[in-house]
Amino acid sequence: MTYPIDKIRNDFPILNQKINGLPLVYLDNAATTQKPKAVVSRLSDYYLMENANVHRGVHYLSIQATEEYEKARQYIADYINAEKKEEIIFTRGTTESVNLLARVMAPWINKGDDVLVTAMEHHSNLVPWQEICRERNARLRIVPINADGSLDLNFLDKLLKPTVKLLAVTHISNTLGTINPVKEIIKLSHDKGVPVLIDGAQGIAHNPVDVQDMGADFYAFSGHKIYGPMGIGVLYGRETWLRRLPPYQFGGEMIEKVTFEESTFNVLPYKYEAGTPNVAGAIGLEAALRYVRQIGIEEIDIHEKQLLAAATSQLEQIEGVRIFGTAKEKAGVLSFLINGIHPYDLGTLLDQMGVAVRTGHHCAEPLMDTLGITGTVRASFGMYNTLEEVDIFIKAVKQAVKMLR
Ligand code: PMP
């Protein structure tokens, strides 16, 4: 079957507009993806016709909203092949998922312990661990990267010791595009008794995710990176872990029995969902995953890799270009610099030509330090980008380079 690009583009009206008089070429998908009509209409149906608070009403709308919310949880559990829907905790996004885990794991992390992160982590999967290590007098150890932007697995193997309480590693680097061999990494870690959190903020949108097959103890992702709403995300955690760990926030929903003296806590997953949840967000995320499934994540992956290959080979021909992240296993993220040109200047000129890219450190400042640079220009592809857009992007880069030189 041919890839249904016309249908897809038609489903995303935002793409069909002019910026500065020129057709929008949206290449900032690693920051956030656009939303198909199916997601927006699901949100609007919910708010216009179905809205109610969940888990506490006896009335029709509340019961319906609760059912839809729990159906979304089940759909997401099936989508990532979690064993049980109780292993799906709704959060605001990847950042909150990581913070939740860091907070509840803190009592397990003591003086002399280590937490491992990698040199390619987004700040969201680095700073929370840095803070917990500081608080608990533990050490944060960094798994380095190789010159091509892949992880140094030999070094990782050496760092995995009985003092390590957790390895937190990204599935796909938002800056380099590197797809980490998470199954292999988890096996290495588990062989040494170390649990693993996978930051799936990018992974979820470009790869099939099967948490049981990969063996993840925890997997975090955001709805907005996979064509879903902002403000909703997931922390998947294995039931055995989630049962053992303490609650995160305290208040309504997460309790079983409350007296003025003390409280007992609800069962999974509610133990981790204090307060009124983002019901629309959860339902909208289900709609997004349904949409992705209908196109096929493997088909999307093949399509994006074609775009990446075309963009990379054309970009390489531009004099003075340096591409960061050339690992063999790489998703549709292209970070680069052009000698003598500031990334911000290039990004601004591209915007004037209708091309939306990201410039800067991409929330990975320590990675920039490792690479000896302050930032890059990043083009990142989504399911709706086209080869024609790649050509427009390359032409725009060439034109900008001419102007800036
Ligand atoms: N990790 C990675 C790899 C990311 O790309 C991002 C978003 N850029 C995050 C974490 C944080 O996600 P959010 O801002 O949705 O919480």
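Residues numbered from 1 in each chain as written. Predicted model: local features only at pLDDT ≥ 70, side-chain atom pairs only at ≥ 80, totals over all residues. Heavy atoms only, no water.

## Points about the overall build of the protein chain
(1) Moving on: Of regular secondary structure, the protein chain possesses 15 helices and 17 strands.
(2) Moving on: Relative to the compact-globule value of 22 Å for 405 residues, the protein chain shows a C-alpha radius of gyration of 22 Å, a close match.
(3) Moving on: By principal-axis analysis of the C-alpha atoms, the protein chain measures approximately 70 × 55 × 40 Å.
(4) Moving on: Each of the 405 residues in the protein chain was classed as buried or not, and the buried ones make up 57%.
(5) Moving on: The long-range fraction of contacts in the protein chain, counting pairs at least 24 apart against all pairs at least 6 apart in sequence, stands at 71%.
(6) Moving on: Summed over its atoms, the accessible surface of the protein chain is roughly 17,500 Å², and 53% of this surface lies on carbon and sulfur atoms.
(7) Moving on: Between the averaged position of the 42 positive side-chain charges in the protein chain and that of its 48 negative side-chain charges there is a distance of 3 Å. (Helix = DSSP H or I, 4+ residues; strand = E, 2+ residues; numbered from the N terminus. Rg over C-alpha atoms; globule rule 2.2 N^0.38 Å. Buried < 20%, exposed > 50% of the residue type's maximum accessible area, 1.4 Å probe, protein only. Contact = heavy atoms within 4.5 Å. Areas by Shrake-Rupley, 256 points an atom, 1.4 Å probe, with all protein chains shown as cover. Lys, Arg positive; Asp, Glu negative; His and termini not counted. Charge placed at Lys NZ, Arg CZ, Asp CG, Glu CD.)

## Regarding the pattern of salt bridges
(1) Moving on: For the structure on display, the rule yields 23 salt bridges.
(2) Moving on: Asp 217 is the salt-bridge partner of Arg 238, the closest N and O atoms lying 3.5 Å from each other. Of this pair, Arg 238 sits in the loop between strand S10 (233-237) and helix H10 (239-244) while Asp 217 sits in the loop between helix H9 (211-214) and strand S9 (218-222); the two residues are 21 residues apart in sequence, bridging distant segments of the chain.
(3) Moving on: For Arg 238, a relative accessible area of 30% translates into the label partly exposed.
(4) Moving on: What makes Asp 217 buried here is its relative accessible area of 4%.
(5) Moving on: A salt bridge links Glu 286 to Arg 290; the shortest N-O distance between them is 2.8 Å. Of this pair, Glu 286 and Arg 290 both sit in helix H11 (residues 279-295), four residues apart, which is roughly one turn of that helix.
(6) Moving on: A relative accessible area of 8% places Glu 286 in the buried class.
(7) Moving on: A residue is classified by how much of its surface remains accessible, and Arg 290, at 43% relative accessible area, is partly exposed.
(8) Moving on: Through salt bridges that share partners, Arg 42, Glu 50, Glu 68 and Lys 71 make up one connected network. (Salt bridge = Lys/Arg side-chain N within 4 Å of Asp/Glu carboxyl O.)

## Considerations on the pairing of strand S11 (residues 255-258)
(1) Moving on: For S11 and strand S12 (residues 263-265), the ladder comprises three bridges, and the chain directions are antiparallel. Looking at the pairing, Ile 255 lines up with Phe 265 of S12.
(2) Moving on: Linking S11 back to S12 in an antiparallel pair, the connection comprises four residues. (Pairing = 2+ DSSP bridges.)

## Things to note about the sheet that holds strand S7 (residues 164-170)
Where strands meet in a sheet, backbone hydrogen bonds hold them as pairs that are either parallel or antiparallel.
(1) Moving on: Strand order in this open sheet of seven strands is S4-S10-S9-S8-S7-S5-S6, and the pairing throughout is mixed. The open sheet has two free edges, formed respectively by strand S4 (88-91) and strand S6 (139-143), since each of these has just one partner strand. Going from strand to strand, the sheet's axes swing by 20 degrees on average, the running direction of each strand aside.
(2) Moving on: Each of strand S5 (114-118), S6, S7 and strand S8 (196-199) is contacted by helix H5 (residues 127-136), which is oriented at about 145 degrees to S6, the strand it contacts most. (Axes fitted to C-alpha atoms, helices over the stretch in contact; angles between N-to-C directions.)

## So, the site of the ligand
(1) Moving on: Taken together, 13 residues surround the ligand, and among them Thr 95, Asp 199, Gln 202, Ser 222 and Lys 225 come closest.
(2) Moving on: Within the side chain of Lys 225, an N or O atom sits 2.5 Å from a nitrogen atom of the ligand.
(3) Moving on: Taking 390 Å² as the accessible area of the ligand by itself, protein coverage stands at 86%.
(4) Moving on: Most atoms of the ligand, that is more than half of them, are within 2 Å of grid points of the largest pocket.
(5) Moving on: Each residue belonging to the shell around the ligand can be placed in one class, and the counts come to two nonpolar, nine polar and two charged. (Near = heavy atom within 4 Å. Polar contact = N/O pair within 3.5 Å; in protein donor to acceptor, adjacent residues only side chain to side chain. 1 Å grid on protein atoms, 1.4 Å probe; cavity = no way out; pocket = protein on both sides within 12 Å on 5 of 7 lines; lining within 4 Å. Sits in = over half its atoms within 2 Å of the grid points. Nonpolar A, V, L, I, M, F, W, Y, C, P; charged D, E, K, R; others polar.)

## Description of helix H12 (residues 297-316)
(1) Moving on: The end-to-end C-alpha distance of H12, which contains 20 residues, comes to 28 Å, matching closely the 28 Å that a straight helix rising 1.5 Å per residue would cover.
(2) Moving on: Residues Ile 297, Ile 300, Asp 301, His 303, Glu 304, Leu 307, Leu 308, Ala 310, Ala 311, Thr 312 and Leu 315 constitute the buried set of H12. (Expected span 1.5 Å × (residues − 1).)

## Observations regarding the domain arrangement of the protein chain
(1) Moving on: The assigned domain composition of the protein chain is domain 1 (5-30 + 296-404) and domain 2 (40-293).
(2) Moving on: In this structure, domain 1 and domain 2 have C-alpha centres spaced 28 Å apart.
(3) Moving on: Facing the 35 residues of domain 1 at the interface are 30 residues of domain 2.
(4) Moving on: Here domain 1 meets domain 2 over a buried area of about 2,500 Å², counting both sides, of which 59% is carbon and sulfur.
(5) Moving on: When residues of domain 1 are sorted by the area they lose upon contact with domain 2, Ile 297, Cys 363 and Leu 367 head the list and together hold 22% of the total.
(6) Moving on: Applying the counting rule to domain 1 against domain 2 returns zero salt bridges.
(7) Moving on: Linking domain 1 with domain 2 are 17 residue pairs in polar contact (both at pLDDT 80 or more), by the criterion used here.
(8) Moving on: In terms of residue count, the dominant contributor to the side of domain 1 that touches domain 2 is H12 (six residues). (Domains from an automatic or database assignment. Buried area = accessible area lost by both parts, 1.4 Å probe.)

## As for the packing of aromatic side chains
(1) Moving on: Scanning the model with the defined rule gives ten aromatic pairs in all.
(2) Moving on: With a centroid separation of 5.7 Å and 85 degrees between ring planes, the pair formed by Tyr 227 and Tyr 384 is classed as edge-to-face. Highlighted residues: Tyr 227 in the loop between S9 and S10 and Tyr 384 in the loop between strand S17 (376-380) and helix H15 (387-404), separated in sequence by 157 residues. For the pair Tyr 227 and Tyr 384, one class covers both residues: buried.
(3) Moving on: Site record: aromatic cluster; members linked through ring pairs are Phe 12, Tyr 227, Tyr 291 and Tyr 384.
(4) Moving on: One cation-aromatic arrangement involves Arg 244 over Trp 241; the distance from NZ or CZ to the ring centre is 4.3 Å. (Phe/Tyr/Trp six-rings, centres within 6.5 Å; stacked < 30°, edge-to-face > 60°. Lys NZ or Arg CZ within 6 Å of the ring centre and 35° of its normal.)

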